[in-house]
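Here's the letter readout for the chains.
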Amino acid sequence: MDADPRRPMRVQIFIPTFNRSAQLQKAVASVLGQVSRTGVEVVVLDNHSSDDTPAAMAALMAADHRVKLVRHPRNLGMMANFNAIQGLVDGDFFAVLTDDDEYESCFVETALQCFDQYPSAGFVACNAPTRVDGRITKSQMDHWRPGFYESGSAVGKCLFGHYPLVTNCLFRKEAKGDFHFVDKLGIVSDGLLLTCMFAKYDAVVSKTVTGYWDNHGGNATALHPLDPVGLVDASITEARLYREFCRRNGIPVRARLLSWLKQALTVLVAADKSSFGHIHSRSLMRQRFGWPSTMVLGGLHGLRLIRVCLWGLATGRRWHKGWVARRDSTRP
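Residues numbered from 1 in each chain as written. Predicted model: local features only at pLDDT ≥ 70, side-chain atom pairs only at ≥ 80, totals over all residues. Heavy atoms only, no water.

**Q** Quick question: what am I supposed to make of the overall build of the protein chain here?
**A** If you tally the helices and strands in the protein chain, you get 13 helices and eleven strands. Relative to its 332 residues, the protein chain shows a buried fraction of 46%. Counting only contacts in the protein chain whose residues sit at least 6 apart along the sequence, the fraction spanning at least 24 positions is 79%. Split by element, the accessible area of the protein chain, about 16,000 Å² in all, is 56% carbon and sulfur. (Helix = DSSP H or I, 4+ residues; strand = E, 2+ residues; numbered from the N terminus. Buried < 20%, exposed > 50% of the residue type's maximum accessible area, 1.4 Å probe, protein only. Contact = heavy atoms within 4.5 Å. Areas by Shrake-Rupley, 256 points an atom, 1.4 Å probe, with all protein chains shown as cover.)

As structure tokens, this is what we get:
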């Protein structure tokens, strides 16, 4: 349904936080500094912080009416705090920003221009390169072309691990029902969320840099690395939940073979870090793979072919990244 032209649009940026007052204030400032033609507000979801976050938020709200606060009466856990967003969306568009990251001032306006150009899009994914010690090392968008993606057409990229950063995606309010992080997947649940979004909705990808992912060693990815068994369980669970999502929404389950290969490669990677017997006995592998597949994977593990496969994948990714860069450089 088209928005009422008489009513100004609203963009809500949600920032889940816990005990990161200093970083949080910078994140809030980056939202308030958006150069946008529409109303932008920031909603902080405080997971019952015990530092000076309440006092900092009181000062921010007193200084700018666009700052809102939802403080939970107890710590719900990280995923539950993120999932609280779904019930709070009442604007026209929404996004989530982690409390230790910041937006460039062009994020909202860049995304809204993409929505104007492609009205059927359910969300827009913008570029957010990875920075380590202030130096850009890569971007999840290195393997993407900018432009429109019909629903389902980019699932393979997501399954291959090239999904955009969820923090630099702007969603229409109609997508809020599918904005859900699976607790059992933990820090990798954003990959499933975006895979499902690309499966169900038309989308637009922008190569404009609208923020960064600062890998400073204090974020969730660094603090909670997956163990080999957890790696396999996450891959198998993700594939199952993706299939269930597609069936529940009556959409085709795309890239089935790629999904299976991803799970098989994950088993081999995990076994190379541990042992095949350990992975087989402790993980969901026994439920996912029958004995013929298990025998094949065991043989491949014995030959250590995964190391050759990983080298080939890395080489292929470097080639593809260079090809995309060369193609983009020749565009008018």
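**Q** Sorry, what's going on with the pattern of salt bridges here?
**A** Where charged atoms of side chains with opposite charge meet at close range, the side chains can pair. Under the defined criterion, the tally for this structure stands at ten salt bridges. Of the charged contacts in the structure, one is a salt bridge between Arg10 and Asp90, with a shortest N-O distance of 3.0 Å. Of this pair, Arg10 sits in strand E1 (residues 10-17) while Asp90 sits in the loop between helix H3 (78-83) and strand E4 (93-96), and the two are 80 residues apart along the sequence. Under the relative-accessibility criterion, Arg10 is labelled partly exposed at 26%. The class of Asp90 is exposed, set by a relative accessible area of 53%. (Salt bridge = Lys/Arg side-chain N within 4 Å of Asp/Glu carboxyl O.)

**Q** Before we go on, may I ask you to explain the pairing of strand E5 (residues 121-127) in this structure?
**A** Within E5, seven of the seven residues are buried, which leaves the element mostly enclosed by the surrounding structure. Note that E5 and strand E10 (residues 202-209) share five bridges and pair parallel. Among the inter-strand pairings, Asn127 is bridged to a residue of E10, identified as Val209. Judged from the three bridges that link them, E5 and strand E9 (residues 169-172) form a sheet pairing that is antiparallel. The residue bridging Ala125 from the neighbouring strand is Cys169, located in E9. (Pairing = 2+ DSSP bridges.)

**Q** What's the story with the sheet that holds strand E11 (residues 213-214) in this structure? I'm lost.
**A** Strand pairing in a sheet relies on backbone hydrogen bonds, with the paired strands running either antiparallel or parallel. Taken together, three strands build an open sheet; the order of strands is E7-E6-E11 and the sheet is mixed. Edge positions in the open sheet fall to strand E7 (135-138) and E11, since each of these has one partner strand only. In the sheet, strand E6 (residues 130-132) pairs with E11 via two bridges, with the strands oriented parallel. By the bridge assignment for E11, Arg131 is matched with Asp214.

**Q** Just checking my understanding: could you explain the sheet that holds strand E2 (residues 39-46) for this structure?
**A** Across the sheet, which stays open at both edges, the eight strands sit in the order E3-E2-E1-E4-E9-E5-E10-E8 with mixed pairing between neighbours. Edge strands, defined here as strands with exactly one partner in the open sheet, are strand E3 (67-71) and strand E8 (147-149). Going across the sheet, the axis of each strand differs from the next one's by a mean of 25 degrees, ignoring polarity. Helix-sheet contacts for helix H1 (residues 21-32) involve E1, E2 and E3, and the interaxial angle to E2 is about 160 degrees. Here helix H4 (residues 107-117) sits on the sheet in contact with E1, E2, E4, E5, E9 and E10, set at roughly 135 degrees to E5. (Axes fitted to C-alpha atoms, helices over the stretch in contact; angles between N-to-C directions.)

**Q** Looking at this model, I keep getting lost on the nonpolar core. Mind explaining?
**A** When a protein is soluble and globular, its nonpolar side chains tend to lie buried together. Among the nonpolar cores identified, the biggest contains 30 residues, and Ile85, Phe123, Phe171, Phe179, Leu193, Leu194 and Met197 are the most heavily contacted of them. Every element with two or more residues in this core is listed here: E2, H3, E4, E5, E9, helix H6 (189-200) and E10. With four residues, H6 is the single largest residue contributor to this core. Residues in contact with Phe171, not counting those within four places in the same chain, are Asp92, Phe93, Phe94, Phe115, Gly122, Phe123, Val166, Phe179, Leu193, Leu194 and Met197. In this structure, Val40, Leu97, Val108 and Leu112 belong to the second largest nonpolar core, which totals 28 residues. (Core = buried A, V, L, I, M, F, W, Y, C linked by side-chain atoms within 4.5 Å.)

**Q** I would appreciate a short explanation of the packing of helix H8 (residues 228-249) against helix H9 (residues 256-273) in the present structure.
**A** Each pair of packed helices gets described by two things: the angle between the helix axes and the distance between those axes. With their axes 8 Å apart at the nearest point, H8 and H9 run at an angle of 170 degrees to one another. As the angle between them shows, H8 and H9 are arranged roughly antiparallel. Seen along the crossing, H8 lies across H9 with a hand that is left-handed. Only Arg256, Ser259, Lys262, Gln263, Thr266, Val267, Val269, Ala270 and Lys273 of H9 make contact with H8, whose side of the interface consists of Pro228, Leu231, Val232, Ser235, Ile236, Glu238, Ala239, Arg243 and Arg247. Tallied by class, residues from the contact of H8 with H9 come to eight nonpolar, four polar and six charged. (Parallel < 35°, antiparallel > 145°, perpendicular 65-115°, else oblique. Left-handed = near helix turned anticlockwise from the far one by under 90°. Nonpolar A, V, L, I, M, F, W, Y, C, P; charged D, E, K, R; others polar.)

**Q** Can you walk me through the packing of aromatic side chains in this structure?
**A** The description of two aromatic rings rests on the distance between their centres and on the angle between their planes. For the structure on display, the rule yields 13 aromatic pairs. Between the aromatic rings of Phe94 and Phe171, the centroid separation amounts to 5.4 Å while the plane-to-plane angle is 25 degrees, which identifies the pairing as stacked. In this pair, Phe94 is assigned in strand E4 and Phe171 in strand E9, connecting sequence segments 77 residues apart. A relative accessible area of 0% places Phe94 in the buried class. (Phe/Tyr/Trp six-rings, centres within 6.5 Å; stacked < 30°, edge-to-face > 60°.)

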